Amino acid sequence: GRAWKVVAPSELETEVLGKYFRQSRYASFARQINGWGFRRITQGPDKNCYYHELFLRGMPHLIKWIKRHSLPKNVSAEPCHNPNNEPDFYHISKMFPIPNYYEITNEQAINACQQSPPRHALQDL
């Protein structure tokens, strides 16, 4: 529930991208999701998975806080990446399990939507 992976990029291009997005190439899709703050894991069991700390299974109320990054044209969208700083979702899930979507009440969801944006928890680990 913390990361997702494109297991068949060529099928994504032919079956999904052209129908639902303006671009039809996987490389363009990857550039777009990077612009929204999704990061790609480069090593370990989750290699090539994408994650965003506000894109979590069963927590759709967090999506409203995801913003597109705007950068000047001469700046790369991909900052210098250090694989040693990638999150370990197995460790994080033990410490901070994602609540079961069906256990969240309507009142809890409404309260969560009205709160200020969450602090970026992954940066603290």
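Higher on the page you've got the structure.
Residues numbered from 1 in each chain as written. Predicted model: local features only at pLDDT ≥ 70, side-chain atom pairs only at ≥ 80, totals over all residues. Heavy atoms only, no water.

It is worth spelling out the overall build of the chain at this point. Regarding its fold elements, the chain presents four helices and three strands. Reading the helices (α) and strands (β) of the chain from amino to carboxyl end gives β-α-α-β-β-α-α. Within the chain, the fraction of its 125 residues that count as buried is 26%. Within the chain, residue pairs in contact and separated by at least 24 positions form 64% of the contacts whose partners lie at least 6 positions apart. Carbon and sulfur atoms provide 53% of the accessible area of the chain, an area that totals close to 9,400 Å². (Helix = DSSP H or I, 4+ residues; strand = E, 2+ residues; numbered from the N terminus. Buried < 20%, exposed > 50% of the residue type's maximum accessible area, 1.4 Å probe, protein only. Contact = heavy atoms within 4.5 Å. Areas by Shrake-Rupley, 256 points an atom, 1.4 Å probe, with all protein chains shown as cover.)

Another point: helix 2 (residues 26–35). Helix 2 sits mainly inside the fold: seven of its ten residues count as buried. Within helix 2, burial applies to Tyr26, Ser28, Phe29, Ala30, Ile33, Asn34 and Gly35. Immediately downstream of helix 2, the backbone of Gly37 shows phi near 95°, a positive value.

The subject of this paragraph is the packing of aromatic side chains. Counted by the stated rule, this structure contains six aromatic pairs. Ring plane angle 40° and centroid distance 6.3 Å describe the contact between Tyr26 and Phe29, whose orientation is recorded as tilted. Here Tyr26 and its partner Phe29 are both found in helix 2, three residues apart, which amounts to about one turn of the helix. A single burial state applies to Tyr26 and to Phe29, both of which are buried. Connected via pairs of aromatic rings, a cluster forms that spans Trp4, Phe21, Tyr26, Phe29, Phe38, Tyr50 and Phe55. (Phe/Tyr/Trp six-rings, centres within 6.5 Å; stacked < 30°, edge-to-face > 60°.)

Our focus in this paragraph is unusual backbone geometry. The phi dihedral of Asn48 is positive, around 70°, even though this residue is not glycine. When you line up the elements, Asn48 lands in the loop between strand 2 (39–40) and strand 3 (50–51).

Further remarks concern the nonpolar core. In terms of nonpolar packing, the biggest core is built from nine residues, these being Val6, Leu12, Leu17, Tyr26, Phe29, Ala30, Ile33, Phe38 and Tyr50. Looking at this core, the elements with two or more residues in it are helix 1 (9–20) and helix 2. When residues of this core are assigned to their parent elements, the largest contribution, four residues, is made by helix 2. If near-sequence neighbours (up to four positions away) are discounted, Ile33 is found in contact with Trp4, Phe38 and Tyr50. Residues Leu54, Leu56, Met59 and Leu62 belong to the second largest nonpolar core, which totals five residues. (Core = buried A, V, L, I, M, F, W, Y, C linked by side-chain atoms within 4.5 Å.)

A sheet is described by the order of its strands in space; here three strands give the open sequence 1-3-2, paired in antiparallel fashion. Of all strands in the sheet, those bounded by a partner on one side alone are strand 1 (3–4) and strand 2. Of the pairings in the sheet, the one linking strand 1 to strand 3 comprises two bridges and is antiparallel in character. What sits directly across from Ala3, in strand 3, is Tyr51. (Pairing = 2+ DSSP bridges.)

Here we take up the environment of Tyr90. Checked against the element boundaries, Tyr90 lands in helix 3 (residues 89–95). By relative accessible area, Tyr90 is classed as partly exposed at 46%. Distance from Tyr90 to Asp46, taken between C-alpha atoms, is 9.9 Å for residues 44 residues apart in sequence. In this structure, Tyr90 is in contact with Pro45 and Asp46, ignoring residues within four places of it in sequence.

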